[in-house]
Amino acid sequence: MIEKFSEDSLSELAAYACRKNARRESGSAFCCREEASIRRDFLETLEFGVVCREAGNVRGVLSCFPDWEKGNVDCALLADREGYDSTAGQLLCAAREQMGNHLRYTIFFPKENEDCNDFLEGIGASRQQHEYRM
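Residues numbered from 1 in each chain as written. Predicted model: local features only at pLDDT ≥ 70, side-chain atom pairs only at ≥ 80, totals over all residues. Heavy atoms only, no water.

Draft legend 1. How the structure looks around the pairing of strand S2 (residues 49-54). Counting buried residues in S2 gives 5 out of 6 residues, a clear majority hidden from the surface. With 3 bridges connecting them, strand S1 (residues 2-4) and S2 associate as antiparallel partners. Its bridge partner being in S2, Glu3 is matched across the sheet by Val51. Direction of pairing for S2 relative to strand S3 (residues 57-67): antiparallel, over a ladder of 6 bridges. For Val50, the partnering residue across the bridge sits in S3 and is Leu62. Taking the residues between adjacent antiparallel strands as the criterion, S2 and S3 are bridged by 2 residues, where Ala55 takes a positive phi near 50°. (Buried < 20%, exposed > 50% of the residue type's maximum accessible area, 1.4 Å probe, protein only. Helix = DSSP H or I, 4+ residues; strand = E, 2+ residues; numbered from the N terminus. Pairing = 2+ DSSP bridges.)

See below:
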């Protein structure tokens, strides 16, 4: 189930993101390392964040940082390895439905995050050095 970030869930989401971002194999370059900083970022972009839950448990988060003038959205995409493609796909779809397909969505992650790399290659995202754009 996909839902928008809410203030009530920020602590839970920040803790999840902190755990995922602590390992390069599941991290995002657009996500802070410290839980308090992640929570602050999530609060600032509250209306542009989505979470995927399964049986009440967080399976993935997508925090978006839109730059309307440049027509770009920097995305911190973090998801569980099990079902990664499905979770990531649902999160990106929800973000694009909310903000529009006319924007570029940029996802930048450590090279060790093979799940994210494989997912983005699979959906035909455009690779530009160490980041992908859609």
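Draft legend 2. Up close: helix H3 (residues 84-99). Over its 16 residues, H3 runs 22 Å from end to end, which matches the ideal 22 Å to within 8%, given 1.5 Å per residue. Residues of H3 that are buried include every one of Tyr84, Thr87, Ala88, Leu91, Leu92, Ala94, Ala95 and Met99, and no others. Along H3, the residues classed as buried sweep out an arc of 155° about the axis, all on the same side. Within two residues after H3, Gly100 carries a phi angle of roughly 110°, on the positive side. (Expected span 1.5 Å × (residues − 1). Arc of directions from axis to C-beta.)

Draft legend 3. A look at the packing of aromatic side chains. Scanning the entire structure with this criterion turns up 4 aromatic pairs. Here the aromatic rings of Phe5 and Phe42 are separated by 4.8 Å at their centres, their planes lie at 50°, and the arrangement is tilted. In this pair, Phe5 is assigned in the loop between S1 and helix H1 (10-21) and Phe42 in helix H2 (residues 35-44), connecting sequence segments 37 residues apart. Accessibility expressed as a relative area gives 5% for Phe5, which makes it buried. (Phe/Tyr/Trp six-rings, centres within 6.5 Å; stacked < 30°, edge-to-face > 60°.)

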